[in-house]
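The primary structure of each chain is shown beneath.
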Amino acid sequence: MSEVILEVNNLKKYFPIHQGFLRRKVGDVKAVDDVSLFIKEGETLGIVGESGCGKSTLGRTLLRLYEATDGEVYYKGKNVLNAHKDEMKELRREMQIVFQDPYSSLNPRMTVSRIVGESLVEHELFHKGKELDDYVVDIITKCGLAKYHLNRYPHEFSGGQRQRIGIARALALNPSFIVADEPVSALDVSIQSQVINLLTDLQRDLNLSYMFISHDLGVVRYISHRVGVMYLGSMVELAGKNALFDSPKHPYTQALLSAIPKPDPTVKRDRIILEGDIPSPANPPLGCKFHTRCMYAKDICKEEIPEFKNLGGDHFVACHFAK
Ligand SMILES: Nc1ncnc2c1ncn2[C@@H]1O[C@H](COP(=O)(O)OP(=O)(O)OP(=O)(O)O)[C@@H](O)[C@H]1O
Ligand SMILES: [Mg+2]
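Here is what the cut-offs are and how they apply
Residues numbered from 1 in each chain as written. Chains lettered and ligands numbered in written order. Predicted model: local features only at pLDDT ≥ 70, side-chain atom pairs only at ≥ 80, totals over all residues. Heavy atoms only, no water. Helix = DSSP H or I, 4+ residues; strand = E, 2+ residues; numbered from the N terminus. Rg over C-alpha atoms; globule rule 2.2 N^0.38 Å. Buried < 20%, exposed > 50% of the residue type's maximum accessible area, 1.4 Å probe, protein only. Contact = heavy atoms within 4.5 Å. Areas by Shrake-Rupley, 256 points an atom, 1.4 Å probe, with all protein chains shown as cover. Lys, Arg positive; Asp, Glu negative; His and termini not counted. Charge placed at Lys NZ, Arg CZ, Asp CG, Glu CD. Salt bridge = Lys/Arg side-chain N within 4 Å of Asp/Glu carboxyl O. Core = buried A, V, L, I, M, F, W, Y, C linked by side-chain atoms within 4.5 Å. Pairing = 2+ DSSP bridges. Near = heavy atom within 4 Å. Polar contact = N/O pair within 3.5 Å; in protein donor to acceptor, adjacent residues only side chain to side chain. Axes fitted to C-alpha atoms, helices over the stretch in contact; angles between N-to-C directions. Parallel < 35°, antiparallel > 145°, perpendicular 65-115°, else oblique. Left-handed = near helix turned anticlockwise from the far one by under 90°. Nonpolar A, V, L, I, M, F, W, Y, C, P; charged D, E, K, R; others polar.

Digging into the overall build of the protein
Piece 1. Within the protein, the regular secondary structure consists of 10 helices and 12 strands.
Piece 2. Against the compact-globule benchmark of 20 Å for 323 residues, the protein has a radius of gyration of 21 Å, which places it among compact chains.
Piece 3. Taking the principal axes of the C-alpha coordinates as reference, the protein spans close to 70 × 60 × 40 Å.
Piece 4. Evaluated residue by residue, the protein yields a buried proportion of 49% over its 323 residues.
Piece 5. In the protein, 63% of the contacts between residues at least 6 apart in sequence involve partners at least 24 apart.
Piece 6. When the accessible surface of the protein is totalled, it reaches about 16,400 Å², and 49% of it is carbon and sulfur.
Piece 7. Across the protein, 41 positive and 41 negative side-chain charges occur, with their mean positions spaced 3 Å apart.

Here's the deal with the pattern of salt bridges
A side chain with one charge may pair with a side chain of the opposite charge, provided their charged atoms come close.
Piece 1. Scanning the entire structure with this criterion turns up 12 salt bridges.
Piece 2. The closest approach of N and O atoms between Arg64 and Glu67, which form a salt bridge, is 3.4 Å.
Piece 3. Overall, Arg64 belongs to the buried group, its relative accessible area being 17%.
Piece 4. Of the charged contacts, one joins Asp299 and Lys302 as a salt bridge, the two residues approaching to 3.7 Å between their closest N and O atoms. Residue Asp299 and its partner Lys302 are located together in helix 10 (residues 299–303), separated by three residues, close to a single helical turn.
Piece 5. A relative accessible area of 51% places Asp299 in the exposed class.

Focus: helix 9 (residues 251–258)
Piece 1. In terms of residue burial, helix 9 counts as a mostly covered element, since seven of its eight residues are buried.
Piece 2. By the burial criterion, the buried members of helix 9 are Pro251, Tyr252, Thr253, Ala255, Leu256, Leu257 and Ser258.

Some words on the nonpolar core
Piece 1. In terms of nonpolar packing, the biggest core is built from 56 residues, with Val116, Ile140, Ile165, Ile167, Leu171, Leu202 and Phe212 touching the most fellow members.
Piece 2. With near-sequence residues (within four places) excluded, Leu171 lies in contact with Ile139, Cys143, Ile178, Leu202, Leu206 and Leu208.
Piece 3. Ranked by size, the runner-up nonpolar core spans 32 residues in total, among them Ile39, Cys53, Ile213 and Met230.

Here's the deal with the sheet that holds strand 2 (residues 24–40)
Piece 1. Here four strands make up an open sheet; going across it, the order is 2-1-4-5 and the pairing antiparallel. Two strands in the sheet have a free side with no partner beyond their single neighbour: strand 2 and strand 5 (78–79).
Piece 2. Note: strand 1 (residues 4–19) against strand 4 (residues 70–75), five bridges, orientation antiparallel. Residue Glu7 lies in a different strand from strand 4, and its bridge partner there is Tyr74.

What to know about the site of ligand 1
Piece 1. Neighbouring residues of ligand 1: 13 residues in total, closest Ser51, Gly52, Lys55, Ser56 and Thr57.
Piece 2. Ser51 places a side-chain nitrogen or oxygen 2.5 Å from an oxygen atom of ligand 1.
Piece 3. Separating an oxygen atom of ligand 1 from a backbone N or O atom of Cys53 is a distance of 3.3 Å.
Piece 4. Taking 640 Å² as the accessible area of ligand 1 by itself, protein coverage stands at 63%.
Piece 5. Elements with a contribution of two residues or more to the shell around ligand 1: strand 2 and helix 1 (55–62).
Piece 6. Per-element tally for the shell around ligand 1: the top contributor is helix 1, with three residues.

Examining the sheet that holds strand 11 (residues 309–310)
The pairing of strands in a sheet happens through backbone hydrogen bonds and is either parallel or antiparallel.
Piece 1. With respect to topology, eight strands assemble into an open sheet ordered 6-7-8-3-9-10-12-11, the strand pairing being mixed. Either end of the sheet is taken by a strand with one partner, and the two such strands are strand 6 (95–98) and strand 11.
Piece 2. Bridge analysis of strand 9 (residues 226–231) against strand 10 (residues 234–240) gives six bridges, and the strand direction is antiparallel. Its bridge partner lying in strand 10, Tyr231 is registered against Ser234.

A look at the packing of helix 3 (residues 112–122) against helix 4 (residues 130–142)
Piece 1. Packing of helix 3 against helix 4 brings their axes to within 10 Å, and their N-to-C directions diverge by 110 degrees. Accordingly, the angle class assigned to the pair helix 3 and helix 4 is roughly perpendicular. Read as a crossing pair, helix 3 and helix 4 show a hand that is right-handed. Every residue of helix 4 that contacts helix 3 at Val112, Ser113, Val116, Gly117, Leu120 and Val121 is listed here: Leu132, Asp133, Tyr135, Val136, Ile139 and Ile140.
Piece 2. Its residues assigned to classes, the contact of helix 3 with helix 4 comprises nine nonpolar, two polar and one charged.

Here is the structure:
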């Protein structure tokens, strides 16, 4: 596959915790803690992990919807986190987001025409009028909607159609990279595959790159080329889809995957049950964050943060004992 389009180095996003009458800062929620990754042109990187592990924060911080605490993000070689206003405006055109909830992310008082066309007017690419309408019709048609939908409001659509509106809005400025944050989780299973297929068709036709965030391992396996697994704000494993699903190296990935039912019931795989609760991201364990729940943990795991190392073939694992 082709060139690296997005590069993230040691990205951190901490949310301060304030307490008491004076609202003094007493600590940080380490939502994203030293994450590095890259995404190539035309590729989908899936991001999985349990609720609260930092998936959405990662997606939003690299788009600069949240101001990063530390680290670097390069998009087509441009430094995103240091970009000035004009550069950022251009980067915002190229990097878009599709949200989980097509109900709350669309303004109920705006028609489809305005929802999809708004950013084009803001970026001064079009004035309101027929030319803009024609352009919007072209985009919504690509997303499986029709011209007669143009002057309707979000409440007049089904969940799946609303997500198509959300995708059309993201596509309006002709971006090349989209963060899709649980784009099908709020939809009925029967509708999910239609929206997934729309995303893959658009990727093929427009050469889009995706970061696809989901806690649904089946969906991620279907859509992704490579997959990253997060635990407590850290990336613990990142590899090609088949390498990750067929030979996971990190004990956390192994446990996570052991929970997926096998399509072939004659193939036995023991379910790994993790002991204990997920620790708080405000007070994560020292050393390897997973050591409190890892059945292989040794002394070194309590003391030293494991390096996120490449085992070969771009299979990255953060575990002292991974080979
Ligand atoms: N705006 C915020 N202010 C303070 N803390 C936040 C904020 N957003 C997220 N967090 C905290 O950061 C951590 C990561 O949250 P995040 O929403 O990124 O997780 P997630 O993996 O997307 O979870 P889910 O699967 O439930 O969507 C959580 O502990 C969360 O409570
Ligand atoms: Mg989330």
